[in-house]
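The primary structure of each chain is shown beneath.
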Amino acid sequence: MICPKRTSELLDLHLAPFKDKDPAWEVGVSRIAGRGLMATRSLKRGQIIFKDMPLLISLSGHEEDSLNTCSVCLTELPDTRFMCRMGCGLPVCSLCSKKKQHKDDCDLLKSWGPNEPEVANSVIIRLLCVARALNLNKDQRDLIYCLQANLDNNHRVEVRNAAKCFKNFPTDKKIFEIMNRTVAVLRTNGFDKTTDRTNDNQEFNYRALYPLFAVMNHDCIPNAYYTFEEKTNIMIVRAAVDIPEGFEITTTYTKLFTGNIARHLFLKMKKGFTCKCSRCSDPTEKGAYISGLYCRDTNCSGLVVPEITGLPHPNYNCLECKQKSTHAQMMKSQDFASGAINAKANSNSLRTLVQYLNEKSDNFIPSSNYVVIDAKLTVLQRLGQGREDCSEELAANTRLRYSRDVIQVMDQLGLGESLVRTQLQELLRREEERRAKRLAEDAEKQRKLAELQAKAAEADKLLAALEEAARAEEVAAAPAPAPAPAATETA
């Protein structure tokens, strides 16, 4: 293990622009793995723990990405004529083309001779983040070597493939070694879009290395979360819960609402370790039953959960009748449910998806299952853009119900503050205010209607009294009837 003291010295140099003379963290020996960040004092929920800035940052350069984005300021460019005219093979805006950052990038890549410098190449654009390590100073490069790097058989592939895009790619072993090491560090603790973390933290669309954040260890119930300043890409890490002095500060490398099996596979395959946190050691996941499915026995109403074995395809046990089911058997149920819900989610009707989740999905998959939670988050996201074909009442009720459902799952897991919780609570607050306002308006309408009805009843009563009085007056004013003539006697 690299000395924590040396790592701290290099991190202090990297973070010098923030001028934090009394940091709330220190690098220490971790109980989770190797080194970690420890709290130097008690931290309150929501408190800023530290800020970090990228040592390396550039475009992700995935094949599906739009490539007309400036490689320096990372802003989108017009669809045509966005490539550097000096022949380095990078997209750049006219303003950034004159900056030192691009000059350094341009000189480096031009010296390698891109095969087609006028054509945007995702491989070259993706390599830029790695190539920039060659222009770092000694302390910055030493910091990269201080960070964890899983040196598997695949970390050399990227540079090897990128070399084919140049005529004069360097053959110096030292250059290859620096770039391969940088790739390994980025793969282990860097950012490459946040598609696996967007349940909890702010989405981030670039390839980047934040050195202090890279020292943080993973926990499936993290006690910290992060956001980014939009213009500067500075990372802000806050306490998700109260953190006592001396406790390790942790983050998450996975989506929060992914089940045990999927998280284990991702961490093993992508990060090279097996998580043994309290959530991963509990088949019920703190009673949230994220991986829960219905028992296959039609006479049993219990939930089945996967065994904690560390194997990629564990058996499932019913918590009620104790019946065992194979992984393959339960995956049929999971895949059927996923397919049915995803088919509704991919339809053009949001109302159909909501009605399906409310009325039918619970018949074949528990509402706690991660597929249902993801679907509810999708509904909330779509409702945030407009209610589509949902009525106003259905949209309002759905926002309230699904926000409460997801927050309840977060509470069961023991998750504290996070971006998604903040968003859900704000959505819930706004919807409850709208509902309270509607109820108040309805109550006011009812009050006014009651007043009108009371006045109408009073008017009817007065009118009836007036009519009665008029009739009485008519009777009184009517002339008395003439007396009947007296009868005469006849002889």
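Residues numbered from 1 in each chain as written. Predicted model: local features only at pLDDT ≥ 70, side-chain atom pairs only at ≥ 80, totals over all residues. Heavy atoms only, no water.

Taking an unreviewed UniProt entry as the reference, the chain is identified by name as SET domain-containing protein SmydA-8 belonging to Drosophila madeirensis.

**Q** Help me get a handle on the overall build of the chain, residues and values and all.
**A** Of regular secondary structure, the chain possesses 13 helices and 14 strands. Against the globule reference of 23 Å for 491 residues, the chain gives a C-alpha radius of gyration of 35 Å, more extended than a compact globule. Oriented by its inertia axes, the alpha-carbon framework of the chain measures out at about 165 × 65 × 45 Å. Sequence separation of 24 or more characterises 65% of the internal contacts of the chain that already satisfy a separation of 6 or more. For the chain, the accessible surface area stands at approximately 26,400 Å², while carbon and sulfur atoms represent 52% of it. (Helix = DSSP H or I, 4+ residues; strand = E, 2+ residues; numbered from the N terminus. Rg over C-alpha atoms; globule rule 2.2 N^0.38 Å. Contact = heavy atoms within 4.5 Å. Areas by Shrake-Rupley, 256 points an atom, 1.4 Å probe, with all protein chains shown as cover.)

**Q** Break down the environment of Ile 57 for me, with residues and values.
**A** Of note, Ile 57 is situated in strand S4 (residues 56–59). Residues Ile 57 and Ile 144, spaced 87 residues apart in sequence, show a C-alpha to C-alpha distance of 13 Å. Leave out the neighbours within four places in its chain, and Ile 57 touches Leu 74, Cys 129, Arg 132, Phe 204, Tyr 206, Arg 207, Ala 208, Tyr 210 and Asn 233.

**Q** Got a sec to walk through the nonpolar core? Specific residues and values, please.
**A** Formed by 76 residues in total, the largest nonpolar core has its most connected members in Ile 49 and Trp 112. When residues in this core are grouped by element, the largest group, seven residues, is from helix H3 (residues 122–131). When near neighbours in sequence (up to four residues on either side) are disregarded, Trp 112 contacts Leu 127, Ala 131, Leu 134, Phe 166, Lys 167, Asn 168, Phe 169, Pro 170 and Met 179. Grouped together as the second largest cluster of nonpolar side chains are 47 residues, Val 304, Leu 400, Met 410 and Leu 413 included. (Core = buried A, V, L, I, M, F, W, Y, C linked by side-chain atoms within 4.5 Å. Buried < 20%, exposed > 50% of the residue type's maximum accessible area, 1.4 Å probe, protein only.)

**Q** Explain the packing of aromatic side chains residue by residue, including any values.
**A** Counted under the stated rule, the structure contains 14 aromatic pairs. On the basis of an interplanar angle of 85 degrees and a centroid distance of 5.8 Å, the ring pair of Phe 191 and Tyr 210 is categorised as edge-to-face. Of this pair, Phe 191 sits in strand S5 (residues 191–192) while Tyr 210 sits in the loop between strand S6 (206–209) and helix H7 (211–215), placing them 19 residues apart in sequence. For Tyr 210, a relative accessible area of 0% gives the class buried. Ring geometry for Tyr 253 and Phe 273: centres 6.1 Å apart, planes at 80 degrees, overall edge-to-face. Taken together, the residues span a long stretch of sequence, with Tyr 253 in the loop between strand S10 (248–251) and helix H8 (260–271) and Phe 273 in the loop between H8 and strand S11 (293–294) at a distance of 20 residues. A connected cluster of aromatic rings, assembled from ring pairs, spans Phe 191, Tyr 210, Phe 213, Tyr 226 and Phe 228. Directly above the ring of Tyr 253 sits Lys 271, whose terminal nitrogen or CZ lies 5.4 Å from the centroid. (Phe/Tyr/Trp six-rings, centres within 6.5 Å; stacked < 30°, edge-to-face > 60°. Lys NZ or Arg CZ within 6 Å of the ring centre and 35° of its normal.)

**Q** Residue-level account of unusual backbone geometry, with values.
**A** The backbone of Lys 322 sits at a positive phi, close to 70 degrees, despite the residue not being glycine. The exposure class of Lys 322 is exposed, given its relative accessible area of 62%.

**Q** Please provide a residue-by-residue account of helix H2 (residues 100–112), values included.
**A** The terminal C-alpha atoms of H2 lie 19 Å apart, and with 13 residues this matches the ideal 18 Å at 1.5 Å per residue to within 8%. Taken together, the buried positions of H2 are His 102, Asp 105, Cys 106, Leu 108, Leu 109 and Trp 112. Looking at the residues trailing H2, positive phi occurs at Gly 113, about 70 degrees. (Expected span 1.5 Å × (residues − 1).)

**Q** Tell me about the packing of helix H10 (residues 350–359) against helix H12 (residues 392–413), residues and numbers included.
**A** One way to put it is that H10 packs onto H12 with a least axis distance of 12 Å and a crossing angle of 50 degrees. In terms of axis orientation, H10 runs oblique to H12. Remark: the crossing between H10 and H12 carries left-handed chirality. In contact with Arg 351, Val 354, Leu 357 and Asn 358 of H10, H12 contributes Leu 394, Thr 398, Arg 401 and Tyr 402. Per-class residue counts for the contact of H10 with H12 are four nonpolar, two polar and two charged. (Axes fitted to C-alpha atoms, helices over the stretch in contact; angles between N-to-C directions. Parallel < 35°, antiparallel > 145°, perpendicular 65-115°, else oblique. Left-handed = near helix turned anticlockwise from the far one by under 90°. Nonpolar A, V, L, I, M, F, W, Y, C, P; charged D, E, K, R; others polar.)

**Q** Can you break down the sheet that holds strand S9 (residues 235–239) residue by residue, with the values?
**A** Read from one edge to the other, the open sheet built from three strands follows the order S3-S9-S8, with strand pairing classed as antiparallel. Only two strands of the sheet have a single partner each, and these edge strands are strand S3 (48–52) and strand S8 (224–228). Here the strands of the sheet are splayed against their neighbours by 20 degrees on average, with no regard to which way each runs. Summarising the sheet, S8 and S9 pair through five bridges and their orientation is antiparallel. What sits directly across from Phe 228, in S9, is Met 235. (Pairing = 2+ DSSP bridges.)

**Q** Hey, could you go over the UniProt feature "coiled-coil region" (unreviewed entry) in the chain for me, with residue numbers and the actual values?
**A** Under the present numbering, the feature "coiled-coil region" (unreviewed entry) in UniProt falls on residues 429–476. In this annotation, residues 429–476 is assigned 100% helix and 0% strand; the end-to-end C-alpha distance for the span is 69 Å. (UniProt positions renumbered as here; feature names shortened; annotations may be inferred.)

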